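Chain residues, written in single-letter form:
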Amino acid sequence: MDRLFYTELARQSLEGHQLDSDTCMRILSDGSLEILPLLDAAYQVRKHYFGQEVSVHILNNAQNGHCQEDCHYCAQAKSSTAEIEEYGMKSDEEMLQEARNAYLKGASCYCMVYAGRQASQARIDRLKRILTQIKSEFPDKEICVSTGFVSNQGAVELKQADWIV
């Protein structure tokens, strides 16, 4: 593989250009691309913008197991044989305390993960309450939620809760 391709990827990104869709599809699907030069090109961009700094994201399984999906990569998938502790959704206070602990340990982002395909409106309402509590204590910190599919309205509601201070 011609090394010029990888150099060009880094150059375009460093100059602030977005990669076109054909290039992105090639990166994702071309079996002849070599992973180490590709990673090096990505590292050059990362190094330029972030130096040696890293962001710490702490992941919390807010619910573990009980998933009916079969994603094959996840220990919570119904076909998984992983020995995991199964439990329902943690209490609001437990999740708030885990967020506090994450930020006190230096995390820039606290991530809550839920098993299941789609979030009900009741879950969205509960998440909005929890997000609002976390943001009121840590307005400058990032929160992410992996809750499965949500409606357009549910996504808007969760996003608005994340911005409430």
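Provided above is the structure to which this section pertains.
Quick caveat: nothing in here was measured; it's all calculated off a predicted structure.

Next up on the list: the environment of Q12. Along the chain, Q12 turns up in helix 1 (residues 3-14). Put simply, Q12 and T23 are 11 residues apart on the chain and 11 Å apart in space, counted from C-alpha to C-alpha. Once you skip the residues sitting within four places of it in the chain, Q12 turns out to touch H17 and L19.

Before going further, it helps to spend a moment on the packing of aromatic side chains. This structure, assessed with the given rule, holds three aromatic pairs. With a centroid separation of 5.5 Å and 75 degrees between ring planes, the pair formed by F5 and Y6 is classed as edge-to-face. Summarising the burial analysis for this pair, F5 and Y6 share the class buried. An angle of 65 degrees between the planes, with centres 6.4 Å apart, marks the rings of Y103 and Y110 as edge-to-face.

Now for the packing of helix 1 against helix 3 (residues 35-50). Axis separation between helix 1 and helix 3 bottoms out at 9 Å; the angle between their running directions is 20 degrees. Our classification of the angle between helix 1 and helix 3 gives roughly parallel. The element helix 1 and its partner helix 3 pack so that their crossing is right-handed. Here R3, Y6, L9, A10, S13 and L14 of helix 1 lie close against helix 3, whose contacting residues are P37, L38, A41, Q44, V45, H48 and Y49.

Here the focus is the state of the cysteines. For the structure shown, the criterion picks out one disulfide. A disulfide bridge connects C111 with C144, and the sulfur atoms are separated by 2.5 Å. For the disulfide bridge between C111 and C144, the dihedral angle about the S-S bond is near 115 degrees, and by the sign convention the bridge is right-handed. With C111 in strand 2 (residues 109-113) and C144 in strand 3 (residues 142-146), the pair connects residues that are 33 residues apart, well separated along the chain. Looking at C111, the relative accessible area reads 8%, which means it is buried.

Assignment of secondary structure puts N60 in strand 1 (residues 57-61). Excluding its chain neighbours within four sequence positions, the residues that come into contact with N60 are K90, M95, E98, Y110, C111, M112 and V113.

What counts, and where the lines are drawn
Residues numbered from 1 in each chain as written. Predicted model: local features only at pLDDT ≥ 70, side-chain atom pairs only at ≥ 80, totals over all residues. Heavy atoms only, no water. Helix = DSSP H or I, 4+ residues; strand = E, 2+ residues; numbered from the N terminus. Contact = heavy atoms within 4.5 Å. Phe/Tyr/Trp six-rings, centres within 6.5 Å; stacked < 30°, edge-to-face > 60°. Buried < 20%, exposed > 50% of the residue type's maximum accessible area, 1.4 Å probe, protein only. Axes fitted to C-alpha atoms, helices over the stretch in contact; angles between N-to-C directions. Parallel < 35°, antiparallel > 145°, perpendicular 65-115°, else oblique. Left-handed = near helix turned anticlockwise from the far one by under 90°. Disulfide = S-S within 2.5 Å.

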